[in-house]
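Below, each chain spelled out in residue letters.
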Amino acid sequence: MQHSDESLRRDVLDLMARGFDAHTDDAAFDALALRAFRRQYERVAPYRAYCDRRGRTPDRVDSWMMIPAVPTAAFKEVALVTGAAADAQAVFRTSGTTRGVERRGAHYVLDLSLYHASLLPTFAACVLPDGARPRMLSLVPAAADAPDSSLSHMIDVVMKQLGAPDSATFADAQHGIDYDRLATALHEAQRADRAVCLLGTSFAFVHWIDHLDAHDVRFTLPAGSRLMDTGGYKGRSREVGEEQLRAQYARVLGVAADHCINEYGMTEMCSQFYDASLRAALRGRTDTVRTKIGPPWVRTRVVHPETLEPLPHGETGILRHVDLANLDSVAAIQTEDLGVADGDGFRLLGRAPGAMPRGCSIAMDMLLEAARESRAP
Amino acid sequence: MIDIEGWHLPLHDVARADPIARGAVRVHVPRLVPADIDAICDRLLDAQRHLETLTTADIIAAIDAAARMLRDPAEPERAAVLHSLRDVSGLSDAMAAHVLDRMAEDWLAPALQQLVGAELGDASALDGFTHRAGRRVRAVAPRLGFHVFSGNVPGVSVTSIVRSLLVRTAVLGKSAAAEPALAPAFARLLARVSPRVGACVAIAWWPGGDERLEQAALGRAGIVVHYGGADAIASLRARAHAHVTFVEHGPRISFAVIHAAALREPARLRQCARDTAAAVALFDQQGCVSPQLAYVIGSADDARALAEAVAAALDDVQRSLPRGALDAGEAAAIREARTRAEFGAIRGDSRDLWGPDSLDYSVILSDDVAFEGSCLNRTLVVKAAPDIDAVLDAARPFAHLLQTVGLAGFDDAHRDAIALLLARVGVTRIAAIADMPWPPPDWHHDGRGPLTELIRWVDLDA
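Residues numbered from 1 in each chain as written. Chains lettered and ligands numbered in written order. Predicted model: local features only at pLDDT ≥ 70, side-chain atom pairs only at ≥ 80, totals over all residues. Heavy atoms only, no water.

Novice: How would you sum up the confidence of the model for chain B? Please name residues and give values.
Specialist: Looking at chain B as a whole, its pLDDT mean stands at 95, while 100% of the residues score no less than 70. Model confidence for the complex: the whole-complex pTM is 0.88, and ipTM, which rates the interface, is 0.86. (pLDDT = per-residue confidence, 0-100.)

Novice: Any chance you could break down helix H12 (residues 266–281) of chain B for me, citing the residues and the numbers?
Specialist: Residues and elements named next belong to chain B. Taking 1.5 Å of rise per residue, the 16 residues of H12 would be expected to cover 22 Å, and the 22 Å separating its terminal C-alpha atoms lies within 8% of that figure. Burial in H12 covers these residues: Leu-269, Cys-272, Ala-273, Thr-276, Ala-277, Ala-279, Val-280 and Ala-281. Next to the buried residues of H12 lie helix H4 (93–105), strand E13 (253–259), strand E14 (291–297), helix H13 (300–320), strand E17 (379–385) and strand E18 (402–408). Of the residues flanking the end of H12, it is Phe-283, one or two places downstream, whose phi is positive at about 55 degrees. (Helix = DSSP H or I, 4+ residues; strand = E, 2+ residues; numbered from the N terminus. Expected span 1.5 Å × (residues − 1). Buried < 20%, exposed > 50% of the residue type's maximum accessible area, 1.4 Å probe, protein only. Contact = heavy atoms within 4.5 Å.)

Novice: Residues and numbers for the environment of Leu-365 of chain B, please.
Specialist: All names here are of chain B. Along the chain, the position of Leu-365 falls in strand E16 (residues 362–365). A residue is classified by how much of its surface remains accessible, and Leu-365, at 3% relative accessible area, is buried. Through-space distance from the C-alpha of Leu-365 to that of Trp-354 is 8.4 Å; in sequence the pair is 11 residues apart. Setting aside residues up to four positions removed in sequence, Leu-365 forms contacts with Ala-303, Arg-304, Ser-350, Arg-351, Asp-352, Trp-354 and Val-382.

Novice: So what about the side chain of Thr-267 of chain A? Which residues, and what values?
Specialist: Within the fold, Thr-267 of chain A resides in the loop between strand E12 (260–264) and strand E13 (273–275). Owing to a relative accessible area of 15%, Thr-267 of chain A belongs among the buried residues under this scheme.

Novice: Lay out helix H15 (residues 388–395) of chain B with the relevant residues and their values.
Specialist: Judged by how many residues are buried, H15 of chain B sits mostly within the fold: six of eight residues are covered. At its buried positions, H15 of chain B is contacted by E13, E14, E17, E18 and helix H16 (412–424) of chain B.

Novice: Residue-level account of the packing of helix H3 (residues 76–87) of chain B against H4 of chain B, with values.
Specialist: Residue and element names in this part refer to chain B. Running from N to C, H3 and H4 cross one another at 125 degrees; their axes reach a closest spacing of 9 Å. Considering the angle they form, H3 stands oblique to H4. You can see that H3 and H4 cross each other, and the crossing is right-handed. Facing H3, whose interface residues are Arg-78, Val-81, Leu-82, Leu-85 and Arg-86, H4 presents Asp-93, Ala-96, Ala-97, Leu-100 and Asp-101. Split by residue class, the contact of H3 with H4 holds six nonpolar, no polar and four charged. (Axes fitted to C-alpha atoms, helices over the stretch in contact; angles between N-to-C directions. Parallel < 35°, antiparallel > 145°, perpendicular 65-115°, else oblique. Left-handed = near helix turned anticlockwise from the far one by under 90°. Nonpolar A, V, L, I, M, F, W, Y, C, P; charged D, E, K, R; others polar.)

Novice: So what about the sheet that holds strand E11 (residues 223–227) of chain B? Which residues, and what values?
Specialist: Residue and element names in this part refer to chain B. What the five strands build is an open sheet, ordered E10-E9-E8-E11-E12; its pairing is parallel. Looking at the sheet topology across the chains shown, the edges are occupied by strand E10 (201–204) and strand E12 (245–249). Neighbour-to-neighbour, the strand axes of the sheet open up by a mean angle of 15 degrees, direction not taken into account. Across five bridges, the pairing between strand E8 (residues 144–148) and strand E9 (residues 170–174) is parallel. Bridge pairing in E9 places His-147 opposite Gly-173. Sheet strands in contact with helix H1 (residues 34–53) are E8, E9 and E10, and its direction is about 150 degrees off that of E9. (Pairing = 2+ DSSP bridges.)

Novice: So, the pattern of salt bridges: which residues are in play, and what are the values?
Specialist: A side chain of one charge can pair with a side chain of the opposite charge when the charged atoms of the two come close. Tallying each qualifying case throughout the model produces 65 salt bridges over all chains. Two residues, Arg-194 of chain A and Asp-166 of chain A, come together in a salt bridge whose shortest N-O distance is 2.8 Å. With Arg-194 of chain A in the loop between helix H6 (179–192) and strand E10 (196–201) and Asp-166 of chain A in the loop between helix H5 (150–162) and strand E7 (168–169), this pair connects stretches of sequence that are 28 residues apart. One salt bridge connects Arg-188 of chain B with Glu-77 of chain B, and the closest N-O pair in it is separated by 2.7 Å. (Salt bridge = Lys/Arg side-chain N within 4 Å of Asp/Glu carboxyl O.)

Novice: Let's hear about the packing of aromatic side chains: which residues, and what values?
Specialist: Where two aromatic rings form a pair, the distance of their centres and the angle of their planes describe that pair. By the definition in use, this model includes 17 aromatic pairs over all chains. Ring geometry for Tyr-264 of chain A and Phe-273 of chain A: centres 5.5 Å apart, planes at 25 degrees, overall stacked. Both residues of the pair, Tyr-264 of chain A and Phe-273 of chain A, belong to the buried class. The structure contains a cluster of three or more aromatic residues connected by ring pairs, namely Phe-255, Tyr-295, Phe-371 and Phe-398 of chain B. Over the face of the ring belonging to Trp-64 of chain A we find Arg-301 of chain A, whose NZ or CZ atom lies 5.9 Å from the ring centre. (Phe/Tyr/Trp six-rings, centres within 6.5 Å; stacked < 30°, edge-to-face > 60°. Lys NZ or Arg CZ within 6 Å of the ring centre and 35° of its normal.)

Novice: Lay out the sheet that holds strand E3 (residues 20–22) of chain B with the relevant residues and their values.
Specialist: All names here are of chain B. If you trace the three strands from one edge of the open sheet to the other, you get E1-E4-E3, paired in mixed fashion. Edge positions in the open sheet fall to strand E1 (2–5) and E3, since each of these has one partner strand only. For this sheet the average axis-to-axis angle between neighbouring strands, irrespective of direction, equals 25 degrees. Pairing analysis gives three bridges linking E3 to strand E4 (residues 25–28), with the strands arranged antiparallel. Counterpart to Arg-22 in the pairing with E4 is Val-25.

Novice: Explain unusual backbone geometry to me, using residue names and the numbers behind them.
Specialist: Residues and elements named next belong to chain B. If you check the backbone angles, Phe-283 has positive phi at about 55 degrees while not being a glycine. Mapped onto the elements of the fold, Phe-283 is located in the loop between H12 and E14. The phi angle at Leu-376 is positive, at roughly 60 degrees, despite the residue not being glycine. As for its position among the elements, Leu-376 is in the loop between E16 and E17. By relative accessible area, Leu-376 is classed as buried at 4%.

Novice: So, the side chain of Asp-284 of chain B: which residues are in play, and what are the values?
Specialist: One can find Asp-284 of chain B in the loop between H12 and E14. Every residue in contact with Asp-284 of chain B, bar those within four places of it in the chain, is listed here: Gly-90, Leu-91, Met-95, Pro-322, Arg-323, Gly-324, Leu-376, Asn-377 and Arg-378 of chain B.

Novice: Residues and numbers for the packing of H12 of chain B against H13 of chain B, please.
Specialist: To characterise two packed helices, one gives the angle between the axes of the helices and the distance between these axes. All names here are of chain B. Orientation of H12 relative to H13, taken along the N-to-C sense of each, is 60 degrees, at an axis distance of 8 Å. Put simply, H12 runs oblique to H13. The way H12 lies across H13 gives a crossing that is right-handed. Between H12, through Leu-269, Cys-272, Ala-273, Arg-274, Thr-276, Ala-277, Val-280 and Ala-281, and H13, the contact on the second element is made entirely by Ala-305, Leu-306, Ala-309, Val-310, Ala-313, Leu-314 and Val-317. For the contact of H12 with H13, the per-class residue count stands at 13 nonpolar, one polar and one charged.

Here is the structure:
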């Protein structure tokens, strides 16, 4: 048992070591995914119960596509971990509220080396496909400052392993982003003609650009500079469309659209997806639509929002991932994100819109509002 | 492709906008400017003069004839409406036909006579000055009404038109995007059976929130009747003239209160579950009369027994009246609620979930007494409450949103007392659970008289 467990971990790490561009055939992926499923079914009691309730046990599942996917919301209710939660090397938590009550999901990561083994080759292949090791400037608080944040952890590791030695963080949890210090760093980069890589959430960039506009500041960052943003484009103060935001990156920072790479990740998953735009640009292609791609140890399917049946290419549905890097939690994850399968990846269309037109969220929001009003003096 | 004429503007030519395609249906819509609204209102006011010369019996006869045509399987307008209810409104075929037939019953002569009788005694006060308690009185309504319809329950638009015609108000209606077919189809049929009555109904369509067109309509109408969301109603009300009567039917929530006594014998439990399931399933729970929550006055086991039985009954309903289509947002909301309940059960607390992965229905057993809405589309939340006071306390903060309460298991002696307590927290209708979706034609919708809220009394003492 212990032996087979270690061999599974080794096989997954071997797959990751072969790199982002290695080909994995269906049979090889199936074999690893089914071993991971059996392990997780045996060790994660709430997941086992979830599978049993559907009659989908390891003996009855013969392809990665059949593995029961847990909804991300389940991470808010139970600990989905193959060992003791107390043994986790890191606990990443989601933010957010459900029906007015703060409920945070927790992803217990028992083995950070697996997380890093997935993260680094994927980031390198998608954000640094030219082999560059630029100075990285982060708009996200450091992990020491935000221990719950998987994004902070990820950026710390990326800066340390893939960035120039003088890579730095320009934000902290208390004071937000230090715009002045960031401006100084960018002016420096311009003077030295040294490319940088900016890292941050989309709404941090939106607010920074507002700030730069208000002070009439523009940068023309050196050739090869790039930017990775992440998270929905739904800012807390205003919404900015994806393409509009890229136009602003070009206008205010001088970073061309194909050097702006949007990351799609989630707290509940150890692996990430990125825009294929920079990889395509290096091959002389300009992608008209943004396709997200992931590493070969992740597979994604687009399923019908109602029936959860797989949808053909071109149809919009919700995204379901099987991530072998989630070896110690649950590999099969059902998101609340809408997407369309496209080429080797998918186009991300964001969260399913609130059920506004016919009722539900209206009723729910109104009830919450009514409760608040009645509590007011 | 099935073409639907999504408007009816008698004697007025308008430009066409690009049709709206949904499934196999193409809804043709007009492109209106404020001058169109003015011209249409002129026509309606002309036609209304003739309406004043007709008797209530004449008007009822015309409406009855149009309603019969809508119920006639050979009528092409009916077929088009049913296609639209499926492809645009998202109802299943069986539900579309069931709802249309049942709604249209309220537009037949017996229902309309019942409505007039219940509201005004008889039609004499509508037909002329009539003697009441030693004096002469007449029920007089504004000559032109502007009605804004919502799409959640098909046919409420027609009911609104019919009530206005009975009190001699011509109607400029605005269809909802989610239900564009029924009101114009009814208006065309009415014009076919009675040109004079039909000329008093115009159905327009425009994208929601076009304030120039709304302003044009508000400038001419003596009464506004608005079904819809709270924000849309507040916006229109703020722009209406102060002297205009504003009748609003905003979002409401309904629920069931079931005494455990109704669940103790298997046969009674099954009946109660069937009634609850039918009320939840009708209109896919989009109606203001649809129960979203069921309180069981009893133990946690009693609540569990009801939840399980309602789930079985909803499974049966799915075969006879299948659920309609969900959009991605609706499906996501239901899944999130289900995940919470299911993993609550897995964790071992007293929450639980019944329902197939296909989201045909969901019954969520909750472990607290808090008042809450469901995600609709056949999602029922079941809770145990120790006594009626706990239910009243939970519901009290939502007084202005409450509508119907379905009762089961209470004896006659308790029912009246509980009804008064519920009324005091804001409930306007208490019914048997089986009757929740189908109030009688003369019901006091949101607590007001369906005809008397449209009229004013004029005394002729000379």
